[in-house]
Every structure is written in C-alpha cells, then in structure tokens.
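Below are the chains, spelled out letter by letter.
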Amino acid sequence: MIGTPRLSRPYVITGGRTRGRGDELPVEAMARTLSPGWNVGRRIPPEALDIMEICITPRSIAEISSRLGLPLGVTRVLVADLAADAAVHVDTAEFATASVTDRVELLELLLAGVRAL
C-alpha cells in the first residue's frame, strides 16, 4: 500500500484519537522496526504495516508521514501505538540532549530530507 492514495479519513485511521497509547512524539524522533513479524495473528491498520515496512531503516516521524502521504498527527498516533506495542523503537534522546546549534543543524537536515522527497 505504500505510495497508494488514502481513501480513509484521518480520524478513521486513528479511531478518532489525536494521541497514541505511547508518549507524544516530536517530528524529529527516529523510529525503527524491532520485529517485522510481531503482528502475526493481530489485526492492525494497513498504515501501521506500512510504517513497519519502511522503518526497517530508521526514519523520522516527519519522513514517515511524507513517504506514506499521511497527516503528521496520524503518523504520530500510529507510531506511538506501535512503540507502545514494542513493534518499533522510537529514539528521541539524541535530540533532547543536543546543544541548540546541533538541534538547528539536525532540523535543517530533516527539512532538507523532507523537501527531497
């Protein structure tokens, strides 16, 4: 389904939620899949499966949103849910402990990457 147009409204994808079951995630947080086969026997949204597929290589929340054509808020909810289910690991520590100069540089790199998509 990656790259196909979404026919569902955002509130349908998230079940009407604006927050995931996990922590609130910044757009620069990096997510990576922990176990590609974790969902065997579980019913999860196809968008969550797409996130699992592209996060085999670590990706920022912003990049996931852009690649899948999902609103940023929806992506945050889905990734937070996947993190709460131990399907993905989300790393926010590097940004939180970085200096202001490093944060600006990281955000500029993130913006350049999103623009390149």
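Figured I'd write up the structure that's included with this text.

Rules used throughout
Residues numbered from 1 in each chain as written. Predicted model: local features only at pLDDT ≥ 70, side-chain atom pairs only at ≥ 80, totals over all residues. Heavy atoms only, no water. Helix = DSSP H or I, 4+ residues; strand = E, 2+ residues; numbered from the N terminus. Buried < 20%, exposed > 50% of the residue type's maximum accessible area, 1.4 Å probe, protein only. Contact = heavy atoms within 4.5 Å. Pairing = 2+ DSSP bridges. Axes fitted to C-alpha atoms, helices over the stretch in contact; angles between N-to-C directions. Parallel < 35°, antiparallel > 145°, perpendicular 65-115°, else oblique. Nonpolar A, V, L, I, M, F, W, Y, C, P; charged D, E, K, R; others polar. Left-handed = near helix turned anticlockwise from the far one by under 90°.

### Some words on the environment of Thr92
Then, in step 1: Checked against the element boundaries, Thr92 lands in the loop between β3 (88–91) and α5 (93–97).
Then, in step 2: By relative accessible area, which is 33% here, Thr92 ends up partly exposed.
Then, in step 3: Along the primary structure Thr92 and Pro26 are separated by 66 residues, whereas in three dimensions their C-alpha atoms are 7.6 Å apart.
Then, in step 4: The contacts of Thr92, once residues within four sequence positions are left out, are Pro26 and Ala29.

### Some details on the environment of Val27
Then, in step 1: Tracing the chain through its elements places Val27 in the loop between α1 (10–13) and β1 (30–33).
Then, in step 2: Taking the relative accessible area as the measure of exposure, Val27 reaches 23% and is therefore partly exposed.
Then, in step 3: With 38 residues separating them along the chain, Val27 and Ser65 place their C-alpha atoms 9.3 Å apart.
Then, in step 4: Among all residues touching Val27, those that are not within four sequence positions of it are Ser60, Ile61, Ala62, Leu72, Arg76 and Leu110.

### Description of the sheet that holds strand β2 (residues 59–60)
Then, in step 1: Strands sit in the order β2-β1-β3 across an open sheet of 3 strands; the sheet is antiparallel. Bordering the open sheet on either side are β2 and β3, each of which pairs with just one other strand.
Then, in step 2: Lying on the sheet, helix α4 (residues 72–84) is in contact with β1 and β3; it crosses β3 at an angle near 115 degrees.

### What about the packing of helix α2 (residues 46–54) against α4?
Then, in step 1: Where α2 meets α4, the axes come as close as 10 Å, and the angle between the chain directions of the two elements is 70 degrees. Judged by the inter-axis angle, α2 sits roughly perpendicular to α4. For the pair α2 and α4, the contacting residues are Glu47, Ala48, Ile51 and Met52 in the first and Leu78, Val79 and Leu82 in the second.
Then, in step 2: Across the contact of α2 with α4, the residue classes tally to 6 nonpolar, no polar and 1 charged.

### Points about the packing of α2 against helix α3 (residues 61–68)
Then, in step 1: Contact geometry for α2 and α3: axes closest at 11 Å, N-to-C directions at 120 degrees. Looking at the two axes, α2 sits oblique to α3. Taken as a pair, α2 and α3 cross one another with a handedness that is right-handed. Contacts between α2 and α3 involve Glu47, Asp50, Ile51 and Ile54 from the first element and Ile64, Arg67 and Leu68 from the second.
Then, in step 2: Split into classes, the residues belonging to the contact of α2 with α3 amount to 4 nonpolar, no polar and 3 charged.

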